[in-house]
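Secondary and tertiary structure notes
One letter stands for each residue in the lines below.
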Amino acid sequence: MTTQSLDDLSKKLADFARQRDWVKFHSPKNLAMALAGESGELLEHFQWLTQTQSAQLTEEKKAAVAFEMADILIYLLRLGERLDIDLLDAAYRKMEINGQRYPVEKVKGDARRAEEYD
């Protein structure tokens, strides 16, 4: 595991885009669309697999999945940077909300959505 932070990676990605004069293409709309496209590419690796197969990927398939996940992270970080959103802060705040929506004593072992509870 690397010791670099998401902030470090975000800065490197911004520099990468700037050096190539791609910032003009990285509007929030375009980045969100690219993110959706990459998510679809990730899903393709799991299409038609059983639950067991999806948890036991070959090393070659796992490497391909890792690169799709990296593409998703890259576009998500670029989108966060363009919208001035601190993704780590947003994730921690969302976890806090989810903890309130899904208290352990109420949802343990149950995969229903919050709206489906009494």
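Higher on the page you've got the structure.
Quick caveat: nothing in here was measured; it's all calculated off a predicted structure.

**Regarding the pattern of salt bridges**
Taken as a whole and assessed by the stated rule, the structure comprises eight salt bridges. Here K24 and D21 are joined by a salt bridge, their closest N and O atoms 2.9 Å apart. The exposed category is assigned to K24, whose relative accessible area is 57%. Across the pair R112 and D110 runs a salt bridge whose closest N-O atoms are separated by 2.7 Å. Taking relative accessible area as the criterion, R112 reaches 37% and is therefore assigned partly exposed. Since its relative accessible area comes to 31%, D110 is described here as partly exposed. By sharing partners, the salt bridges in this structure join R101, R113 and E115 into a single network.

**Examining the packing of aromatic side chains**
A full pass over the atoms with the stated rule returns one aromatic pair. The lysine or arginine in question, R20, covers the ring of F16, its NZ or CZ lying 3.5 Å from the ring centre.

**Some words on the nonpolar core**
L35, L42, L57, V65 and I72 together form the largest nonpolar core, which totals five residues. Secondary-structure elements contributing two or more residues to this core are α2 (28–46) and α4 (59–82). Not counting residues within four places of it along the chain, the set of residues in contact with L42 comprises V65, E68, M69 and I72.

Quick notes on the rules
- Residues numbered from 1 in each chain as written.
- Predicted model: local features only at pLDDT ≥ 70, side-chain atom pairs only at ≥ 80, totals over all residues.
- Heavy atoms only, no water.
- Salt bridge = Lys/Arg side-chain N within 4 Å of Asp/Glu carboxyl O.
- Buried < 20%, exposed > 50% of the residue type's maximum accessible area, 1.4 Å probe, protein only.
- Phe/Tyr/Trp six-rings, centres within 6.5 Å; stacked < 30°, edge-to-face > 60°.
- Lys NZ or Arg CZ within 6 Å of the ring centre and 35° of its normal.
- Core = buried A, V, L, I, M, F, W, Y, C linked by side-chain atoms within 4.5 Å.
- Helix = DSSP H or I, 4+ residues; strand = E, 2+ residues; numbered from the N terminus.
- Contact = heavy atoms within 4.5 Å.

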